[in-house]
Amino acid sequence: MKFYLPLIGLLLAATQISAQQENCDIKIYGRILDSNSGTGLPYATIQINGTGEGTVADSLGAYQLANLCAGRITLKLSHIGCAPESKTFILHSDTILNYYMDHSDHFLKEFEIVAGAERISADRNIQLSKLEMRESTGLQLADRMKEMPGIRVLQSGNTISKPIYRGLHSNRLLIFNNGVRQEGQYWGAEHAPEIDSYLINQVELLDGVEGLAYAPDAIGGIIKIESESVFASDSLHGDFQSSLSTNGRGGSAALSLGGRLAKKLPLYYQFQGSLKKLGDVETPDVVLSNTGTEEYNYSYALGYKTKNLVLNTFYSKFNQEVGIYRFSHLGNLTDLLEVLGGGRQPDTLDFSYDINRPRQVIDHELFKAEMRLITGRSSSLAAKYSRQFNSRQEFDAHTGINPSQEELARPQLSYRLLTHQGDITFSYRKERLEGKMGIAGIARTNTFSGRSFIPDYENYQVGLFLVQSYTLPGIKLNAGLRYDFYNSDIYAPYGSPENPINQNFKGFAGAVSAVQQFENASIKYEISSHWRAPGVNELFSSGLHHGVGVIEQGDSTLSQERSYNASLVFVKNWQKHQFNLSPYLNYIRNFIYLNPESIELTIRGAFPRMDYKQANAVFAGVDLDYSTNFKRFDINLAASMIYAQNISQNSKLNGVPPQQFSAEAKYNFRKWRKIENPFIAVKGSYTMEQYRAPQVLPADLFLNQNTDAELPSSFDFAPAPDGYFLLNIQAGFAIKRNFISLTVDNTLNKTYRNYLDLFRYYADQLGLNFTLRYQYNF
Amino acid sequence: MKNSKIISKALIIFAIPVVFACEGNDDDNPQIENEAELITVLNITLINPVTNDTTFAVFSDPDGPGGISPTVTPITLKYTGENGQYLAHVEVLDSSNPNDVEQINPEILEEADMHQFFYLPNTEAGEVVNISYDPQEIDSNGNPLGISSIWNVLGLTNQGETVTIVLRHSPNKGGAGVATGDITNAGGETDIEVTFQLEIQPE
């Protein structure tokens, strides 16, 4: 969607003071206003072309740019739901510049939207603002996203995390990194997305219609991540970012550089690299042994841009080694029972930077080439190819009895996935009609070896899509349709290269939405349907899952999952108040889940056996958000509530996020000397106990080896942890191009456990943590 | 035609990332690495040196966890009316490849200080059998390993008597009672946990 953005009024109230040569102490300030209501529009981004420098307007639409040099200047203004708009003029002296933006006209967006914290129009994807991005530097993707409505964090211990959106994650919540589907994260809840946090310049959640141009299987949604555009600026620019934390006694730093290679050629480049080193993290009471992380990542991009042709290539490499909490790997249910009974305490509590077994070694490599050809006044053709390589090695704590050097060097589990993706998209706009159509293909070669016994396989997928939007006065209609064919060949140990087991799935995905715009309110209605082919792990896995203490058994006769999703976004603004209400209902037919089947005897004792089964399930909930400001205070209240149920069995589902409420107050201090935008923010959040957790079946039941026991269709080994209240404090300011902030997480040093942590049986969450962040832009 | 020259120059530069972007391996048939070591069989042999009664019990699960259920046979002993003594010996095997059945015992012996077997009769079995470690079999620190054990038979079984045999990896061998076979303070990780029915019949 794009707001057609005529500058109804451009107020240039320049006060002429004697213009000095090389005067670099000039300010531009003013407000961004709605041309209809005359009220301020908060959180627009104002950037200076050529330097990459910029600012974000405050909640009243006021902004200020300081220390500017006299001369020709181009300002780029971007706002939620509006295409970026540029204005060039000669700067002599301090200038008041007010922008009037028109909110009455709607089009499907053509350019990517840059920033914005609050949702002004209902027809806008949820994004992280520049400020939120800056204040979460160095954190993993999921932890950076947790400020977004509906987003929760799934953990495997305190160092591995991935996002959950409206109760769904992993193979139901797709991640598109720089336009490329991120592959490695599908294989399990304990596989975090392999993305350098510092490469992330923008995060957004796509809506159902727009998402159809990306994939048919976005049952839970699509997270779109973009790094900075290679074409950001002609002159040399970049930033240095760093983050230091007391908990883990380490930090990370990143450097990024970009610019134009040659004056004559419209050729642009961007280099970026980051390093991270953290030691063992600590709960309020103990050091969690072997929870360190080590990362080194780099990327580069080249771009070529003429009036009619845009070419760019991108390469990134992610390398991570992460320790898994030593006392989370257990031999059998007796061990688990002892841990749950508090009987088995870690015997070493000393802090260390060493990463020992159990650990994961993760590599991710991405290469992408993209072309965009402007084919007419309002049409373009884009083509993209990418190659992605994932490698994951897991080294278990237990190496077998008396291992040789060779055995020690060999991971207990090794995945290697090679994926090629390509797509061609034609975009067009004609008067009130706008849309795109295209074809997309994926080919994967995956090999697994080691303990979990998933077969090798190859698959490919081809899809055709069409996305349209039509704008009428006061209402905009969007619709999309997509057809995909998915074919997969399963090799050893079930089939062979000569005689593979062949499976294929096909189907339509579709979505329609309507956005109504009122004077101070906006409503978006959407219904969508997606489908997902069962994953190879769901079809064929067979073996003991050590981390969770269950035997998982795939079912090769599973059929595809289909979702029917209805959602509503209601946004209301009045004076300084803004209110968002987003209810949703996601009905999933043939939802694939692990169903407790029997108690099975192994040489390590008895374990519950869980089979992948299908049932109809529902995920319903509401995300609420209210913000206001008075004087120098910004106040925000948010709530996220979700209900989920297995309807076929009439039973509860495992791992559903508990209800969460938060309140934040931010005080914006006056500018003092060179210190700009000083603030202090206090945030309290309360997470309830998951009172709809499945019933508890203690490990003893399985240990008694009563293999005839009837099992319910869902259970847990331990009750859901109690609710908890957390207090976070953040303060920061800017001096020229330097931004400094200090964050205090878990200020009360509260000991608690998190239902959404797969290691909740074994360890508490992190205690008090101070993080100092520094950023310098040039 | 100046434009095409610029484009060709640009394309050369674009090729640079491709040159670097080849770390991953396009090999369609990467070598499948060996399976991790698997314990699939535990045999226990008991001999009464006085009566020469020899008995044998087995827990066997050649396809590992899941799949086909394991086979477990009971431990059957004889009671002569007065207290008898059996010498027991366990044997651990990897039979996942039937053409190459691997003995695990030598490896356990080599890492004796990192392992210990525990013999745990249930309450009923505790009244009819008393199991202790073979005092001859110790690790380099003088602690028991438990491959060999001594079973004192005290009476006849009725019903529901079981003995669970546990192999712990990295136990705390210095923990209270651990040296005499009490698992309570042993810690470590469980490698094996197998429960056998115990039948003690009159001779």
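On a predicted model such as this, the values are computed, not experimentally measured, just so you know.

Criteria and cut-off values
Residues numbered from 1 in each chain as written. Chains lettered and ligands numbered in written order. Predicted model: local features only at pLDDT ≥ 70, side-chain atom pairs only at ≥ 80, totals over all residues. Core = buried A, V, L, I, M, F, W, Y, C linked by C-beta atoms within 7 Å. Buried ≥ 20, exposed ≤ 12 C-beta atoms within 10 Å, placed from the backbone. Contact = placed C-beta atoms within 7 Å. Helix = DSSP H or I, 4+ residues; strand = E, 2+ residues; numbered from the N terminus. Pairing = 2+ DSSP bridges. Axes fitted to C-alpha atoms, helices over the stretch in contact; angles between N-to-C directions.

1. Things to note about the nonpolar core
Moving on, step 1. By size, the foremost hydrophobic cluster in this structure holds 54 residues, and its most contacted members are A:Met145, A:Leu212, A:Ile222, A:Ile223 and A:Ala617.
Moving on, step 2. Contact partners of A:Ala617, with chain neighbours within four places excluded, come to A:Ile588, A:Phe591, A:Ala644, A:Gln645, A:Asn646, A:Ile647 and A:Leu653.
Moving on, step 3. Listed in part, the 40 residues of the second largest apolar core include B:Val92, B:Tyr119, B:Ala186 and B:Val194.

2. A look at the environment of A:Leu756
Residue and element names in this part refer to chain A.
Moving on, step 1. Structurally, Leu756 is set in the loop between β39 (738-745) and β40 (769-777).
Moving on, step 2. Distance from Leu756 to Ser229, taken between C-alpha atoms, is 34 Å for residues 527 residues apart in sequence.
Moving on, step 3. The contacts of Leu756, once residues within four sequence positions are left out, are Arg152, Val153, Leu154, Gln155, Ile164, Gly655 and Pro657.

3. Concerning the sheet that holds strand β7 (residues 115-121) of chain B
Strands in a sheet are paired, the pairing made by backbone hydrogen bonds, and the direction either parallel or antiparallel.
Residues and elements named next belong to chain B.
Moving on, step 1. Spatially, four strands are ordered β4-β11-β10-β7 in an open sheet, and the strand pairing comes out mixed. Among the strands making up the open sheet, the edge pair consists of β4 (75-79) and β7. Each neighbouring strand pair of the sheet contributes to a mean axis angle of 25 degrees, computed without reference to strand direction.
Moving on, step 2. Examined bridge by bridge, β7 and strand β10 (residues 162-169) share seven bridges and lie antiparallel to one another. Paired with Phe117 across the two strands is Leu167, which belongs to β10.

4. A few points about the pairing of strand β11 (residues 189-202) of chain B
Residues in a regular strand point their side chains to alternate faces of the sheet.
Moving on, step 1. Looking at chain direction, β4(B) and β11(B) are connected through five bridges and run parallel. Looking at β11(B), one finds that B:Ile75 is bridged to B:Leu198.

5. Focus on the sheet that holds strand β10 (residues 151-155) of chain A
Residue and element names in this part refer to chain A.
Moving on, step 1. One open sheet holds the three strands; their spatial order is β10-β11-β12, and the pairing between them is antiparallel. Edge positions in the sheet fall to β10 and β12 (168-169), since each has one partner strand and no second.
Moving on, step 2. Sheet topology note: the strand β11 (residues 161-165)/β12 ladder contains two bridges and is antiparallel. Across the sheet, residue Ile164 finds its bridge partner in β12, namely His169.

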